[in-house]
Amino acid sequence: MLSKSMQKALNGQIQKEFASSYLYLAMAAYCETKNLPGMATWLKVQAQEEWGHGMKIYEFVNDRGGTVTLQAIEQPPAEFGSPVDIFKGVLEHEQKITAAINDLYAQAVKENDYATQIMLQWFITEQVEEEKNASDILELLKMAGEHVIVLDHRLGKRGAA
Ligand code: FEO
């Protein structure tokens, strides 16, 4: 059984994951308008992954006898600037999500909630990957300069998770 405080915190994380999905979809939509179909594809796959992260916590809350309460998702921006700006935004967003996951883990430790700790370990590992992916692409974009279209083509090869 989940404590009320853990349930509240996990519901907050469900909101953050779904909001991430919405943010990346907004970035994808922006890339479509800028003739960057590869980046749009990469971001759409990322948006799907984030939806999956939200659902993972959703299922966990239910499995532990808790109640999922969905929260509002605010409207994401419509403009994201250059490709470098976009992926800087992705990296900064992922760093915030990592901090939120770490806070959740610390709370689960404090509450001796072992099941939630084990569930969150998947997210801790995932965040290492998420930050690495965003950071690698950001570095490539900084180097790509006028060759950004070649990189866009490469990002378009990302398959669905
Ligand atoms: Fe669900 Fe990108 O963290």
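Coordinates for the structure precede this section.
Since the model is a prediction, treat every value here as computed from it, not as a measurement.

Cut-offs applied
Residues numbered from 1 in each chain as written. Predicted model: local features only at pLDDT ≥ 70, side-chain atom pairs only at ≥ 80, totals over all residues. Heavy atoms only, no water. Salt bridge = Lys/Arg side-chain N within 4 Å of Asp/Glu carboxyl O. Helix = DSSP H or I, 4+ residues; strand = E, 2+ residues; numbered from the N terminus. Buried < 20%, exposed > 50% of the residue type's maximum accessible area, 1.4 Å probe, protein only. Contact = heavy atoms within 4.5 Å. Core = buried A, V, L, I, M, F, W, Y, C linked by side-chain atoms within 4.5 Å.

**Notes on the pattern of salt bridges**
Inspection of every chain in the model, using the stated rule, returns 4 salt bridges. A salt bridge links Glu 49 to Arg 158, with the shortest nitrogen-to-oxygen separation between them at 2.8 Å. Residue Glu 49 is located in helix α2 (residues 37–63), and its partner Arg 158 is located in the segment after α5 (148–155); the two are separated by 109 residues in the primary sequence. The salt bridge involving Lys 142 is made with Glu 139; its shortest N-O contact spans 3.4 Å. Of this pair, Lys 142 and Glu 139 both sit in helix α4 (residues 114–144), 3 residues apart, which is roughly one turn of the helix.

**Notes on the side chain of Gln 13**
Mapped onto the fold, Gln 13 is located in helix α1 (residues 4–33). We classify Gln 13 as buried; its relative accessible area is 1%. Setting aside anything within four residues of it in sequence, one finds Gln 13 in contact with Ile 57, Ile 97, Ala 100, Ile 101 and Leu 104.

**Regarding the nonpolar core**
Grouped together as the largest cluster of nonpolar side chains are 26 residues, with contacts concentrated most on Met 27, Met 39, Leu 43, Ile 86 and Phe 87. Those elements that provide at least two residues to this core are α1, α2, α3 (83–110), α4 and α5. Excluding anything up to four places from it in sequence, Met 27 contacts Leu 43, Phe 80, Ile 86, Gly 89 and Val 90. Judged by nonpolar contacts, the second largest core, of 16 residues, contains Leu 2, Val 61, Leu 104 and Met 119.

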